[in-house]
Amino acid sequence: MSNDISEKTINSKITTRAEDFSQWYLDVIREGDLLEQSPVRGCMVIKPYGYAIWERIQSILDKKFKSLGVQNAYFPLLIPVSFLEKEAKHVEGFAKECAVVTHHRLEEKDGKLIPAGELDEPFVIRPTSETIIYDTYSKWVHSYRDLPILINQWCNVMRWELRTRPFLRTVEFLWQEGHTVHETKEGADKNALEMIEVYKNFAEEYLAISAVKGIKTEPEKFAGADYTTTIEAMMQDGKALQAGTSHMLGQNFSKSFEVAFSDRNQQKQYAWQTSWGVSTRIIGALIMSHSDDKGLVLPPKVAQFQVVIIPIWGNDEEKASVFDKVAKIKKELEAENITYKIDDRDGRPGPKFFEWERKGVPLRIEIGPKDVAKNSVVVVERLQGKKDFVADENLI
RNA sequence: CGGGGCGUGGUGUAACGGUAGCAUACAUGCUUUGGGAGCAUGCAGUUCGGGUUCAAAUCCCGGCGCCCCGACCA
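Residues numbered from 1 in each chain as written. Chains lettered and ligands numbered in written order. Predicted model: local features only at pLDDT ≥ 70, side-chain atom pairs only at ≥ 80, totals over all residues.

## Quick notes on the sheet that holds strand S7 (residues 149–158)
Within the open sheet, the seven strands sit side by side as S3-S7-S8-S14-S11-S10-S9. Their pairing is mixed. Of all strands in the sheet, those bounded by a partner on one side alone are strand S3 (71–72) and strand S9 (211–215). Pairing between S9 and strand S10 (residues 227–234): five bridges, direction antiparallel. Note that in S10 the partner of Ile215 across the bridge is Thr229. The sheet contacts of helix H3 (residues 48–67) involve S7, strand S8 (172–182) and strand S14 (272–279), and relative to S8 the element is tilted by about 5°. Along the sheet, helix H7 (residues 185–205) makes contact with S8, S9, S10, strand S11 (240–250) and S14, crossing S14 at roughly 15°. (Pairing = 2+ DSSP bridges. Helix = DSSP H or I, 4+ residues; strand = E, 2+ residues; numbered from the N terminus. Contact = placed C-beta atoms within 7 Å. Axes fitted to C-alpha atoms, helices over the stretch in contact; angles between N-to-C directions.)

## Side note on the sheet that holds strand S15 (residues 307–311)
Taken in spatial order, the five strands line up as S16-S15-S17-S18-S19 in an open sheet, and their pairing is mixed. Bordering the open sheet on either side are strand S16 (340–342) and strand S19 (387–391), each of which pairs with just one other strand. Taken over all neighbouring pairs, the strand axes of this sheet differ in orientation by 25° on average, direction set aside. Judged from the five bridges that link them, S15 and strand S17 (residues 363–367) form a sheet pairing that is parallel. In the sheet register, Ile309 faces S17, and the bridge partner there is Ile365.

## A short note on helix H9 (residues 281–290)
Most of H9 sits out of view: nine of its ten residues are buried. Looking only at H9, the buried set comprises Arg281, Ile282, Ile283, Gly284, Ala285, Leu286, Ile287, Met288 and Ser289. (Buried ≥ 20, exposed ≤ 12 C-beta atoms within 10 Å, placed from the backbone.)

## Some points on the nonpolar core
The biggest cluster of nonpolar side chains holds 80 residues, and the ones touching the most others in it are Tyr199, Ala203, Val259 and Ile287. At eight residues, H7 tops the list of elements feeding residues into this core. Not counting chain neighbours up to four residues away, the residues in contact with Ala203 comprise Ile209, Ala211, Ile231, Ala233 and Ala243. (Core = buried A, V, L, I, M, F, W, Y, C linked by C-beta atoms within 7 Å.)

## Regarding the protein's contact with RNA strand B
Of all residues adjacent to RNA strand B, which total 37 residues, the nearest are Arg41, Ala223, Gly350, Gly368 and Lys370. Mapped by element, the contributors of at least two residues to the surface near RNA strand B are helix H1 (2–13), helix H5 (88–94), helix H11 (349–358), helix H12 (369–374) and strand S18 (376–381). With seven residues, H11 is the largest single contributor of residues to the surface near RNA strand B. Each residue belonging to the surface near RNA strand B can be placed in one class, and the counts come to 14 nonpolar, ten polar and 13 charged. (Near = placed C-beta within 6 Å. Nonpolar A, V, L, I, M, F, W, Y, C, P; charged D, E, K, R; others polar.)

## Some thoughts on the confidence of the model for chain A
Interpretation of the predicted coordinates at a detailed level should be avoided for regions scoring low in pLDDT. Of all residues in chain A, 96% attain a pLDDT of 70 or more, and the chain-wide mean is 90. Under a pLDDT of 50 for its full length, residues 1–12 has, in the predicted model, one contact with residues more than four places off or in other chains. Across the predicted assembly, pTM comes out at 0.93 and ipTM at 0.84. (pLDDT = per-residue confidence, 0-100.)

## Focus: the environment of Ile60
Turning to its location among the elements, Ile60 is positioned in helix H3. A tally of 16 C-beta atoms within 10 Å means that Ile60 is categorised as partly exposed. Along the chain, Ile60 and Pro300 lie 240 residues apart, while their C-alpha atoms are 13 Å from each other. Filtering out sequence-adjacent residues up to four positions away, Ile60 remains in contact with Phe202 and Tyr206.

## What about H3?
In a regular helix each residue adds 1.5 Å, so 20 residues correspond to 28 Å; H3 covers 28 Å between its end C-alpha atoms and thus fits that length. Along H3, the positions that sit buried rather than exposed are Gly50, Ile53, Trp54, Ile57, Leu61 and Phe65. The arc that holds every buried residue of H3, seen down its axis, measures 100°, which confines them to one face. Turned more than 90 degrees away from the buried face of H3, the exposed residues are Pro48, Ser59, Lys63 and Ser67. A positive phi of about 90° marks Gly69, the residue just after H3. (Expected span 1.5 Å × (residues − 1). Arc of directions from axis to C-beta.)

## Looking at unusual backbone geometry
For the bond running from Leu147 to Pro148, omega is 0°, close enough to zero to count as cis. Within the secondary structure, Pro148 sits in the loop between helix H6 (130–140) and S7. Look at Glu258: it is not a glycine, yet its phi comes out positive at around 55°. Relative to the assigned elements, Glu258 resides in the loop between helix H8 (252–257) and strand S12 (260–262). Residue Glu258 is classed as partly exposed on the basis of its C-beta count, with 16 C-beta atoms lying within 10 Å.

## Concerning the environment of Ile196
If you trace the backbone, Ile196 turns up in helix H7. Separated by 32 residues in sequence, Ile196 and Thr228 place their C-alpha atoms 9.7 Å apart. With sequence-adjacent residues up to four places away left out, Ile196 is seen in contact with Lys213, Thr229, Ile231 and Ser246.

Printed below as a string of structure tokens:
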């Protein structure tokens, strides 16, 4: 009987995948404490536990980029509308989903604030930064000796999507966009393919998502690219999700923005360019590929906490001996660079078990008076839910 | 942006045009503590703006927001 009740309670929180995959996805995000609805339509409040995943992704990719000679820089959020007009295909692709800044001041009228001070030339909030970055690149590139340029920026962008879904498609999202400039077509081709390979390896090695590399069809490719390479990840509902893209821009933008240089024969040449990006959407892919009906499942390499330790005690005496043991294990984990959370809040252990299960912490260690007595601990693995008694000396 | 549905404490829900109730969460206290504990007390609500009416959560109009379907998704 008691099983029936707990079953019911759990189901009331997270819809099963079989019942409604889409609702399940939303439930997992809510119960995992990743996002909150924002007062602005289609925008995300990314909560600390969700943002921690993004920070892990950032730190891993950032290291990888830098090892390939890429440097970080930052370009403006606002883009003059005239910049966007310069590349015909680019305009076509992005114009219809741009947020536009037209005023620079507010005036109070009847207790309301009315935009005032109309701008001569409106700005667009970047939907992507090719135009503003390449305008700058045109000033940086004079000689073949200036190349290649390998720059990345971590930032937010806005695309006025009409129908949004948490992580997967939002009006504002976080991403990184790499923008490279090369002397030759071969150099740019090589970079575009190298970066999609970086994304593929990242997805597989760190997110444990199997990703298929491919080339986008004509209508699907990036507006202004010669071709777009993509990694598509397979989700539990059988659908593929674009998890990262790398674009060969050819000379399309360099010609529109005069990114040109003198080559080794003193001839003017237009540069060959690429751009590539991964966004917070990949967190959606992460959620949809691993999580189950109990909630989030995080791969250890991107989990904020790889281990959660739940001390269990009844009285002060037990508490002292349990925490003594917790302190020892804490040191061992630190020595192995394993991230952990010690849930020492007052309260019964049951609710804590469920909470960390919902939040997808890969491994749970339970330490109570019985474990102190037996010189062992209880280890529970999130994915299989398997419970093991592990002797202290075998723990790590 | 088109079609449909829905807006009530933080969350989930109930109330014929006539006392806004329940559950949960939260707070405090006591008892508990190895898989969602119990009792007591407390805090907290009708999306916004108009209208009809003696009286509106309830009826009408409009705004805003959310969900679903479609179009769109570079």
